[in-house]
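Here's the letter readout for the chains.
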Amino acid sequence: MIRILSGNEAVARGAWEAGVAVASAYPGTPSTEIIEEFARYPGVYAEWAPNEKVAVDVAIGAAYAGRRAFASMKHVGLNVAADAFMYASMTGTETGLVIVTADDPGMHSSQNEQDNRTFARFARVPCLEPSDSQEAKEMMIAAFALSEQFDTPVLFRMTTRICHSSSAVVLGERVEPPARVTRFPRNPAKYVMVPGNARPRHPLIEQRQEAIAGFAETCRFNRVEARGRELGIIASGVAYQYAREVFPRASLLKLGMTWPLPAQLIRDFAASVERLIVIEELDPFIEEAVRLLDVPVEGKSIFPRVGELDPRTVRECAIAAGLLPETARAPTLDVDVGPLPGRPPMLCPGCPHRAAFYVLGKLKVPVLGDIGCYSLGFAPPLNAMHTLGCMGAGIAVAHGAAKAGNPEHHVAVIGDSTFFHTGLPALVNVVYNQSPVITIIMDNRVTGMTGHQENPGTGRTLQGKAAPIIEFEPLVRALGVEHVKTVDAYDAAEIERTLKEFMRLDQPAVLITRAPCALLPEVRLRWRPLTINAEVCNGCGLCFRLGCPAILKSDVLDTRYRRPKALIDATLCTGCAVCAAICPRGAVLDVMPAA
Amino acid sequence: MKPLNFVLTGVGGQGIVLSSDILCLVGMAVGYDVKKTDVHGMAQRGGSVISHVRLADQVFSPMVPLGGADYLLAFEKLEACRWAHYLHRDGVAVVSDEAIPTLAMESRTPYPADDEIMSQLQQRAGQVQIVSAGSLAAGLGNPRVANVILLGALSRFVAIPAEIWLRAIAERVPPKVRELNRRAFELGRSLEVG
């Protein structure tokens, strides 16, 4: 049977067909759908872990215990999980272990565009890179066999373009691998990485890498497509597709395994062509390895090392480098349309995070942010976030700034899921080392940005089972925070009162702003659009400062001040009434006027 | 078979991904190799969304090259302007007359007027078909079928029989709204071209 699957769906399908029993992940674009899809297959266990390190440890535990397992994450998740990833390379596992990383060239939804192939070289583990959905499925199955053959974790590198592109996939059946372990292994020389055991493991993983490099010479995912002699291209991932499209007459060495590299295959290919280039996204990862073989090669001198590639960029760069004639340039329409209004990412209408950011803007305090929907509090007109680096950073950055002697009140802002992810140890530090940091946990009862995933605070698991709800107030009190208050996230006045009260203290304090995401199905049922009384509105513009997409500038001008009155788009308004509460003239009505 | 490139665009939540899924099924049913790619940024709601669908004997890149789209299917007219440079000179633009406003505080650049949008589209497309998809869908009793009305309007320009489209739609929508979606497609397909 053939079905059109996205790259992420294909990875999940491959894992299922490979007989994977256990999977763990933390949501992160573009990887989120992999485990969501996998969790729907029969006979598997899949979970959301609180962070990627936990997810990789969980997968390692399952693979030690004799069941095939994977963990999936976005590229920066592997930074969090790196400690676990590195020891897994040292120990190996009893059964197949695959770590899926979804890199984000072009930073569609990430803070950087790191090339995680480097992690494969760093950890001495093989790296597989599919070029479409069919390959993603086949390679996922092969990854488990490879892992077991060489007793190594496998890094499975996806990119946004492969994750979120769809193409035909031939479906197969699930094959249950024979149970390899009946009892959890008692093998400290292999699994207890104290220095005395780790030292003899290191030469083994270096030898393992050489053996895998030998395997790479004949691996079916590394293949030569011989065409013209004039130009030879080495390409991997989606760049292979661009190479096929832009250079139909060039010979190609298509690398599906991009670490370790097949030295002889590369040398033979180089000898068969007159000019050798590498087309790869981001780092010159393959290119530098080829150069170390003393093989003349070009790559990043022609193609950019920044951002996502696309066929047009590849074509234009190739023309500039003389690889293609000027006549190869694609026709484009040179009509100047002038500027168009943008649609920048912004907090949704009715978002429960908006009121707190409005208050923080008013208080003019430094706000140390974190990763999630609420990251958008930085954007105009709210302008209420001043740093954002990675998951869990804000609380510790605030602590550091306070300890540096900055006399202002530092407010760290973090979402519910991100607090569980890496906020907890940072708050422990604030309590232990005592800084007057105010932490706002924006608890919207779900992991929002990645599309409504369950987390330890929601009461449900990935596979829909009821779970204990970990409540924030008792949790942070147990850590030793004395000043804790939970308020309705839409109550701007109460948020302001509480923050001012906390700012008078010289101690750690936690404000929990709580209201479910306005887009949750049960919340949508309660939407009730508001309206503006145009007789009363004088166009003061205060409500525009909320940055609510549902509040528009009317064509009607106030007669006295000649400024546009406000207008509410009833198709967008949820009735959260934050604008009604801040309107100085009481112009926002909570009932629709009779037609 | 002749390669066909489609670019679908609009604002998050308008049913663009569903529509590009349906186009893929249509292509597969007549024997094309099919690839599509969706580009949605960070916004859950209200962001610009673009989906590329490519049909050919063998498709390599899932992305339609700039200036390489045969069809632009726009669910919102400002988004039609934003992505019209994907069309080639003889390309067809099928555009909903729906306008979704941009943020009040940010609108230093105002939402373009209708005649400006039309003139931009006409400079870039060989043919422009404006469809009152929103009001037609409301007339059918469900604003959510605007996307299938647009698919119906698009189908007039594509040499693939209506039954194939209808089968793909039926495969991809829930059973209880199949009949509604069939009527939406027929309505879009029956619109006068021009």
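Each value, and the rule that gives it
Along each chain, residue indices are assigned from 1 in the same order as the chain's sequence is written. For naming, the first written chain is A and the first written ligand is 1, with later ones following in the order written. Only residues with pLDDT of at least 70 get local features here, since the model is predicted, and only at 80 or more are side-chain atom pairs given and counted; chain-wide, interface and lining totals rely on the full set of residues. For the side-chain quantities, the full set of heavy atoms in the structure was used; hydrogens and water were omitted. Buried Ala, Val, Leu, Ile, Met, Phe, Trp, Tyr and Cys residues that are joined via side-chain atoms within 4.5 Å together make up what is termed a nonpolar core. Relative accessibility thresholds used throughout: buried, under 20% of the residue-type maximum; exposed, over 50%; partly exposed, between the two (1.4 Å probe, protein chains only). We count a stretch as a helix when DSSP gives it H or I for four or more residues in a row; a strand needs E for two or more, and each element gets its number in order from the N terminus. Domain start and stop positions are those given by an automatic or database domain assignment. Contacts are residue-level and defined by heavy atoms, with any inter-residue pair within 4.5 Å sufficient. Salt bridge, as applied in this entry: a Lys or Arg side-chain nitrogen positioned within 4 Å of an Asp or Glu carboxyl oxygen. Only the six-membered ring of Trp is used, alongside the rings of Phe and Tyr, when aromatic pairs are assigned; centres must lie within 6.5 Å, and planes under 30 degrees apart are stacked while those over 60 apart are edge-to-face, with the rest tilted. Throughout, buried area stands for the accessible area (probe radius 1.4 Å) lost by two parts on being put together, summed over both. Two N or O atoms form a polar contact when they lie within 3.5 Å of each other; inside protein one atom must be a possible hydrogen donor and the other a possible acceptor, and for residues adjacent in sequence the pair counts only when both atoms belong to side chains. Residue classes follow a fixed rule: Ala, Val, Leu, Ile, Met, Phe, Trp, Tyr, Cys and Pro count as nonpolar, while Asp, Glu, Lys and Arg count as charged, and any other residue, Gly among them, counts as polar. Angles run from 0 to 180 degrees between N-to-C directions of axes, and those axes are lines fitted to C-alpha atoms, restricted for helices to the stretch in contact. Angle categories are assigned with fixed cut-offs, so that under 35 degrees is roughly parallel, over 145 is roughly antiparallel, 65 to 115 is roughly perpendicular, and the rest are oblique. The crossing is said to be left-handed when, going from far helix to near helix, the turn is anticlockwise and less than a right angle, and right-handed when the turn is clockwise.

S.K.: Residue-level account of the nonpolar core, with values.
M.R.: Residues and elements named next belong to chain A. Core analysis: the largest hydrophobic core is formed by 69 residues, its most contacted members being Phe357, Leu360, Val413 and Leu499. Sort the elements by how many residues they give to this core and helix α15 (residues 354-363) lands first, with seven residues. Both domains that furnish three or more residues to this core are identified here as domain 3 (354-523) and domain 4 (527-590). Setting aside chain neighbours within four positions, we find Phe357 in contact with Leu347, Tyr374, Gly377, Leu382, Ala384, Met385, Val413 and Met442. If you look at the next biggest cluster of nonpolar residues, it comprises 67 residues, including Ala39, Trp48, Ala136 and Val246.

S.K.: Give me the pattern of salt bridges: which residues, what numbers.
M.R.: All names here are of chain A. Taken as a whole and judged by the stated rule, the model has 42 salt bridges over all chains. A salt bridge links Glu496 to Lys500, with the shortest nitrogen-to-oxygen separation between them at 3.0 Å. Of the two residues, Glu496 and Lys500 both sit in helix α19 (residues 492-504), four residues apart, roughly one turn of that helix. Taken together, the salt bridges that share partners define one network made up of Asp103, Asp115, Arg117, Glu129, Arg157 and Glu280.

S.K.: For the packing of aromatic side chains, give the residues involved together with the corresponding values.
M.R.: Residue and element names in this part refer to chain A. Taken as a whole and judged by the stated rule, the model has 13 aromatic pairs over all chains. On the numbers, 4.3 Å between centres and 55° between planes, the contact of Tyr64 with Tyr191 is tilted. Placement of Tyr64 in helix α3 (residues 52-64) and of Tyr191 in helix α9 (residues 188-191) is noted, with a sequence separation of 127 residues between them. Ring geometry for Phe85 versus Phe119: centroids 6.3 Å apart, planes at 85°, classification edge-to-face.

S.K.: How would you summarise the interface of chain A and chain B if you had to cite specific residues and measurements?
M.R.: The interface is formed by 55 residues belonging to chain A together with 51 residues belonging to chain B. Carbon and sulfur atoms supply 63% of the area buried between chain A and chain B, which totals about 4600 Å² over both sides. Connecting chain A to chain B are three salt bridges. In this structure, Arg343 of chain A engages Glu79 of chain B in a salt bridge whose closest nitrogen and oxygen atoms are separated by 2.5 Å. Counting across the interface, chain A meets chain B through 12 residue pairs in polar contact (both at pLDDT 80 or more). Sorting the residues of the side of chain A that touches chain B by element identifies β1 (2-6), β8 (165-170), α11 (237-246), α14 (311-320) and β20 (551-557) of chain A as the ones contributing at least two each. The element best represented in the side of chain A that touches chain B is α11 of chain A, accounting for five residues. Broken down by class, the residue content of the side of chain A that touches chain B amounts to 29 nonpolar, 15 polar and 11 charged.

S.K.: Account for the environment of Leu155 of chain A, with residues named and values stated.
M.R.: Residues and elements named next belong to chain A. Following the sequence through the fold, Leu155 ends up in strand β7 (residues 154-159). Since its relative accessible area comes to 0%, Leu155 is described here as buried. Taking C-alpha positions, Leu155 is 8.9 Å from Glu129, a pair spaced 26 residues apart along the chain.

S.K.: I'd like a description of the domain arrangement of chain A, backed by residues and values.
M.R.: Interfaces are frequently sized by the accessible area removed from exposure as the parts join. Residue and element names in this part refer to chain A. The assigned domain composition of chain A is domain 1 (2-216), domain 2 (223-327), domain 3 (354-523) and domain 4 (527-590). Each side of the interface is counted separately: domain 1 has 30 residues, and domain 2 has 25 residues. Across the domain 1 to domain 2 interface the summed buried area is about 2200 Å²; carbon plus sulfur atoms make up 54%. Summed over the three residues of domain 1 that lose the most area to domain 2, namely Arg117, Arg121 and Ser131, the buried surface amounts to 26% of that side. A salt bridge links Glu135 to Lys254, with the nearest nitrogen and oxygen atoms 2.8 Å apart. On inspection of domain 1 and its partner domain 2, the count reaches 17 residue pairs in polar contact (both at pLDDT 80 or more). Considering every element that reaches the side of domain 1 that touches domain 2, the biggest residue donor is helix α10 (residues 195-218), with five residues. Split by residue class, the side of domain 1 that touches domain 2 holds 14 nonpolar, seven polar and nine charged.

S.K.: Break down helix α13 (residues 285-292) of chain A for me, with residues and values.
M.R.: Within the span of α13 of chain A, buried status applies to Phe285, Ile286, Glu287, Ala289 and Val290 of chain A. Asp294 of chain A sits one or two positions beyond α13 of chain A and adopts a positive phi of about 70°.

S.K.: Tell me what's going on with the packing of helix α16 (residues 393-403) of chain A against helix α17 (residues 416-432) of chain A, and back it up with residues and numbers.
M.R.: All names here are of chain A. Packing of α16 against α17 leaves a shortest axis separation of 7 Å and a crossing angle of 20°. With respect to their mutual orientation, α16 and α17 come out roughly parallel. In this structure, α16 uses Ile395, Ala396 and His399 to contact α17, whose residues at the interface are Phe419, Gly423, Ala426, Leu427, Asn429 and Val430.

S.K.: Account for the packing of helix α1 (residues 7-17) of chain A against helix α7 (residues 133-150) of chain A, naming residues and giving values.
M.R.: Residue and element names in this part refer to chain A. With their axes 7 Å apart at the nearest point, α1 and α7 run at an angle of 35° to one another. By crossing handedness, the relation of α1 to α7 is classed as right-handed. Across the interface between the two elements, Gly7, Ala10, Val11, Arg13, Gly14, Ala15 and Glu17 of α1 pack against Ser133, Ala136, Lys137, Met140, Ile141 and Phe144 of α7. Taken together, the residues of the contact of α1 with α7 sort by class into seven nonpolar, three polar and three charged.

S.K.: So, the environment of Leu265 of chain A: which residues are in play, and what are the values?
M.R.: Residues and elements named next belong to chain A. Tracing the chain through its elements places Leu265 in helix α12 (residues 263-271). A relative accessible area of 17% means that Leu265 is categorised as buried. Considering only alpha carbons, one finds Leu265 and Leu253, 12 residues apart in sequence, at a separation of 8.7 Å. With sequence-adjacent residues up to four places away left out, Leu265 is seen in contact with Glu217, Asn222, Val224 and Leu253.

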